[in-house]
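Summary of structural features
Read off the chains here:
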Amino acid sequence: MDNTRLYKNIVILTGAGISAESGLSTFRGANGLWNNRRVEDVATVEAFERNPEFVHDFYNTLKPEILKAHPNPAHFALTRLQKEYPAEVSVITQNVDTLHEKAGSQNVYHIHGQINQAVCLNCGHILESWNDVTTETVCPSCGIAGMMKPNIVFFGENLLYMDKVEQLLRCCDLFLSVGTSGVVYPAAGFVQTVKYYGADAVEFTLEPTANNYLFDRHIYGPAGKTLPQFVDELISSLRK
Ligand code: OAD
């Protein structure tokens, strides 16, 4: 990695680890959301077809905690990068929380959906709500009841915003991966794409990740500390 390089297109991929210091659970590891439940029961197309009530309940239960969470210094560091570094800075997040937006970030792409949204399987309307959505909920657009699905990308579904994401990855010259274990594809493969197109790639994590070998640099430690420091250095390098 060249410390004097002036970047023009920065892409940050975030995962559950960036929100850990805001008190939200990650998916894997000790106390992870997938530790005491099966992904197959709540996060697959088949699970939703089999038992939509159970799946709605699972996501409804997560909403209050996510709604009251506050962004941490890692989220704010990305907002600062967007404001103070003269590049196009985009955030691709796997997180279904809205902490990047709460921290004031722009250009945020929720490729795994958002917990505060439901999509009507009849007409495609996106309902924004922090209230419970159930199998009885009526779509405010088409008026049909019982067709709302949490706007969470289940295993077996396509990711959202992929056209835009592909375009961002191809133009990217600095790729930061923050708080993601690198096991869930296609997001885990983004680093491979950006390396192919010549970007520098840095990961911020607590421990080595599954696709560790593809990054130029690894910064270990809580993102709330390491990311603000990295952003500070990047912005300071402009004055040299
Ligand atoms: P994981 O739980 O798999 O990984 C979290 C990563 O964050 C791990 O590598 C941790 O080391 C790291 N981490 C934890 N705390 C951190 C901190 N304070 N600072 C820096 N890093 C920290 O979460 P994801 O990779 O986001 O999909 O999981 C990917 C997808 O798997 C999720 O979007 C979700 C899940 O199935 C859907 O629900 C569609």
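Refer to the structure presented above.
Now for a quick tour of the structure. All values derive from a computational prediction rather than experimental measurement.

**Topic: the site of the ligand**
- Neighbouring residues of the ligand: 23 residues in total, closest F27, R28, T180, S181 and E207.
- Between the ligand and H112 there is a distance of 2.8 Å, counted from an oxygen atom to a side-chain nitrogen or oxygen.
- A distance of 2.7 Å is found between an oxygen atom of the ligand and a side-chain nitrogen or oxygen belonging to T180.
- Against a free-state accessible area of 800 Å², the protein chains account for coverage of 94% of the ligand.
- Its residues assigned to classes, the shell around the ligand shows ten nonpolar, ten polar and three charged.

**Things to note about the state of the cysteines**
- This structure, assessed with the given rule, holds zero disulfides.
- You can see C142 has no disulfide; the closest cysteine sulfur is in C139, sitting 3.8 Å from it.

**Observations concerning the packing of helix 4 (residues 73–84) against helix 8 (residues 223–236)**
- Interhelical geometry of helix 4 versus helix 8 gives an angle of 15° and a closest axis separation of 7 Å. On the basis of their axis angle, the class for helix 4 and helix 8 is roughly parallel. Along this stretch, helix 4 crosses helix 8, giving a crossing that reads as left-handed. Counting all contacts with helix 4, which are made through P73, A74, A77, L78, R80, L81 and E84, the residues of helix 8 involved are A223, G224, L227, P228, V231, D232, L234 and I235.
- Within the contact of helix 4 with helix 8, the residues separate by chemical class into eleven nonpolar, one polar and three charged.

**Focus on the sheet that holds strand 5 (residues 126–128)**
- If you walk across this open sheet you meet the three strands as 5-4-6, and the pairing is antiparallel. Edge positions in the sheet fall to strand 5 and strand 6 (148–152), since each of these pairs with one other strand and no more. The average angle at which neighbouring strand axes cross in this sheet is 40°, direction not considered.
- As paired strands, strand 4 (residues 113–120) and strand 6 are joined by four bridges and run antiparallel to one another. Looking across to strand 6, one finds that A118 is bridged to P150.
- Contacts from helix 3 (residues 52–68) reach strand 4 and strand 6 within the one sheet, and its direction differs from that of strand 6 by about 50°.

**As for the packing of aromatic side chains**
- Inspection of the entire model under this criterion finds seven aromatic pairs.
- Judged by centre distance (6.0 Å) and plane angle (45°), the ring pair of F48 and F154 falls under tilted. Highlighted residues: F48 in helix 2 (residues 45–50) and F154 in the loop between strand 6 and helix 6 (162–171), separated in sequence by 106 residues.
- Both rings, one in F58 and one in Y59, keep their centres 4.8 Å apart while their planes meet at 80°; by these two values the pair is edge-to-face. Each of the two residues, F58 as well as Y59, counts as buried.
- Connected via pairs of aromatic rings, a cluster forms that spans F48, F58, Y59 and F154.

**Considering the sheet that holds strand 7 (residues 174–178)**
- The strand order across the open sheet formed by six strands is 3-2-1-7-8-9, and the pairing between neighbours is parallel. With one partner strand each, in any of the chains shown, strand 3 (108–110) and strand 9 (217–220) form the two edges of the open sheet. Each neighbouring strand pair of the sheet contributes to a mean axis angle of 15°, computed without reference to strand direction.
- Sheet topology note: the strand 7/strand 8 (residues 200–205) ladder contains five bridges and is parallel. Bridging across to strand 8, V178 finds its partner in F204.
- The strands touched by helix 4 within the sheet are strand 1 (9–14) and strand 2 (88–93), with strand 1 carrying the most contacts at an inclination of about 170°.

Rules of the game
Residues numbered from 1 in each chain as written. Predicted model: local features only at pLDDT ≥ 70, side-chain atom pairs only at ≥ 80, totals over all residues. Heavy atoms only, no water. Near = heavy atom within 4 Å. Polar contact = N/O pair within 3.5 Å; in protein donor to acceptor, adjacent residues only side chain to side chain. Areas by Shrake-Rupley, 256 points an atom, 1.4 Å probe, with all protein chains shown as cover. Nonpolar A, V, L, I, M, F, W, Y, C, P; charged D, E, K, R; others polar. Disulfide = S-S within 2.5 Å. Axes fitted to C-alpha atoms, helices over the stretch in contact; angles between N-to-C directions. Helix = DSSP H or I, 4+ residues; strand = E, 2+ residues; numbered from the N terminus. Parallel < 35°, antiparallel > 145°, perpendicular 65-115°, else oblique. Left-handed = near helix turned anticlockwise from the far one by under 90°. Contact = heavy atoms within 4.5 Å. Pairing = 2+ DSSP bridges. Phe/Tyr/Trp six-rings, centres within 6.5 Å; stacked < 30°, edge-to-face > 60°. Buried < 20%, exposed > 50% of the residue type's maximum accessible area, 1.4 Å probe, protein only.

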